[in-house]
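Structural overview for review
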Amino acid sequence: QVRLVESGGGLVQAGGSLRLSCAATGSSFSGNAMGWYRQAPGKQRELVATISNGGGTNYEGSAKGRFTISRDNAKNTVYLQMNSLKPEDTAVYYCNRFGGVWFGWGQGTQVTVSS
């Protein structure tokens, strides 16, 4: 059973950068498309970016041109490099499978962007 652990969040000023990591333990997520999701206070969880097992990527909305998703299957880890952060990026960020039955959700990592 896959267990997901997100890390790398924090408090950053607008225009700054953060690199999030999502490590899978218990079982490999190799072979699965993976995604980063986020949930802001009072809002529904939304998809931010996805990456296929082969490395193909897709970005939603304002993530385009600012965020980069990557994966290291050997390390069972997915990353999200976030640049030019904006206050509206403030949310708890999660990773999970994309396009299939979700794994159990991790605790997420809080990203707070100050103006």
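Look up a bit, the structure's there.
This is a predicted model, so every value here is computed, not measured.

**Side note on the state of the cysteines**
- What the rule picks out here adds up to one disulfide.
- There is a disulfide in this structure between C22 and C95, and the S-S distance comes to 1.6 Å. Separated by 73 residues along the polypeptide, C22 in strand β3 (residues 18-25) and C95 in strand β9 (residues 91-97) bring together distant segments of the chain.
- Classification of C95 by relative accessible area gives buried; the value is 0%.

**Remarks on the pairing of strand β7 (residues 67-72)**
- Burial along β7 is one-sided: the face carrying F67, I69 and R71 is buried and the face carrying T68, S70 and D72 is not.
- Bridging between β7 and strand β8 (residues 77-82) involves six bridges; their strand directions are antiparallel. Its bridge partner being in β8, I69 is matched across the sheet by L80.
- Joining the antiparallel neighbours β7 and β8 is a turn of four residues, in which N76 adopts a positive phi near 55°.

Conventions adopted
Residues numbered from 1 in each chain as written. Predicted model: local features only at pLDDT ≥ 70, side-chain atom pairs only at ≥ 80, totals over all residues. Heavy atoms only, no water. Disulfide = S-S within 2.5 Å. Helix = DSSP H or I, 4+ residues; strand = E, 2+ residues; numbered from the N terminus. Buried < 20%, exposed > 50% of the residue type's maximum accessible area, 1.4 Å probe, protein only. Pairing = 2+ DSSP bridges.

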